[in-house]
Amino acid sequence: MAARNMDDIADLFRTLRFKKALFGGVKEKDVWKQLDKLQKEYRSAYEIQQERYDALLQEREKEIASLKDRLSQEPAHE
């Protein structure tokens, strides 16, 4: 599962389970494995957000360029 947003990560936390150790606690190796998995999900969500923000910024830059072009083509007011 590639997390798309923080809700996906919250769902992952709700289902996160660790293997039990023989004498109390959890297996350290499993904890590191789960943390690595969680980090990958955060990275996935971050990258998707970054792509979205980049697209919004490009859209805004195009709109600004279009407005500047329209302003430069209008006759000057006297």
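Residues numbered from 1 in each chain as written. Predicted model: local features only at pLDDT ≥ 70, side-chain atom pairs only at ≥ 80, totals over all residues. Heavy atoms only, no water.

> Honestly, the overall build of the protein chain in this entry has me stumped. Any pointers?
Looking only at helices and strands, the protein chain features two helices and zero strands. Its C-alpha atoms give the protein chain a radius of gyration of 24 Å, clearly above 12 Å, the size a compact globule of 78 residues would have. Seen through its principal axes, the protein chain has C-alpha atoms that stretch 85 × 20 × 20 Å. Expressed as a percentage of contacts within the protein chain between residues at least 6 apart in sequence, the contacts between residues at least 24 apart total 54%. For the protein chain, the exposed area adds up to about 7200 Å²; of that, 55% sits on carbon and sulfur atoms. (Helix = DSSP H or I, 4+ residues; strand = E, 2+ residues; numbered from the N terminus. Rg over C-alpha atoms; globule rule 2.2 N^0.38 Å. Contact = heavy atoms within 4.5 Å. Areas by Shrake-Rupley, 256 points an atom, 1.4 Å probe, with all protein chains shown as cover.)

> In this structure, what is going on with the environment of Gln 58? I would like to understand it.
In this fold, Gln 58 is placed in helix H2 (residues 28–73). What makes Gln 58 exposed here is its relative accessible area of 55%. In this structure, the C-alpha to C-alpha distance between Gln 58 and Tyr 42, residues 16 residues apart in sequence, is 24 Å. (Buried < 20%, exposed > 50% of the residue type's maximum accessible area, 1.4 Å probe, protein only.)

> When you look at helix H1 (residues 6–15) in this model, what are you seeing that I'm missing?
An α-helical turn contains 3.6 residues, so any two residues separated by three or four positions project in the same direction. By the burial criterion, the buried members of H1 are Asp 8, Ile 9 and Leu 12. Buried residues along H1 cover an arc of 100° about the axis, so they all sit on one side. Residues of H1 that are exposed and point more than 90 degrees away from the buried face comprise Met 6, Asp 7 and Arg 14. Those residues of H1 hidden inside the fold are in contact with H2. Capping of H1 at its N-terminal end is provided by Asn 5; its side-chain oxygen lies 3.0 Å from the backbone amide nitrogen of Asp 7. (Arc of directions from axis to C-beta. Polar contact = N/O pair within 3.5 Å; in protein donor to acceptor, adjacent residues only side chain to side chain.)

> It is not clear to me how the nonpolar core should be interpreted in this structure. Could you clarify?
Grouped together as the largest cluster of nonpolar side chains are five residues: Ala 3, Ile 9, Leu 12, Leu 38 and Ala 45. Elements represented by at least two residues in this core include exactly H1 and H2. Those residues in contact with Ala 3, other than ones at most four positions away along the chain, are Asp 8, Ile 9, Glu 41, Ser 44, Ala 45 and Ile 48. (Core = buried A, V, L, I, M, F, W, Y, C linked by side-chain atoms within 4.5 Å.)

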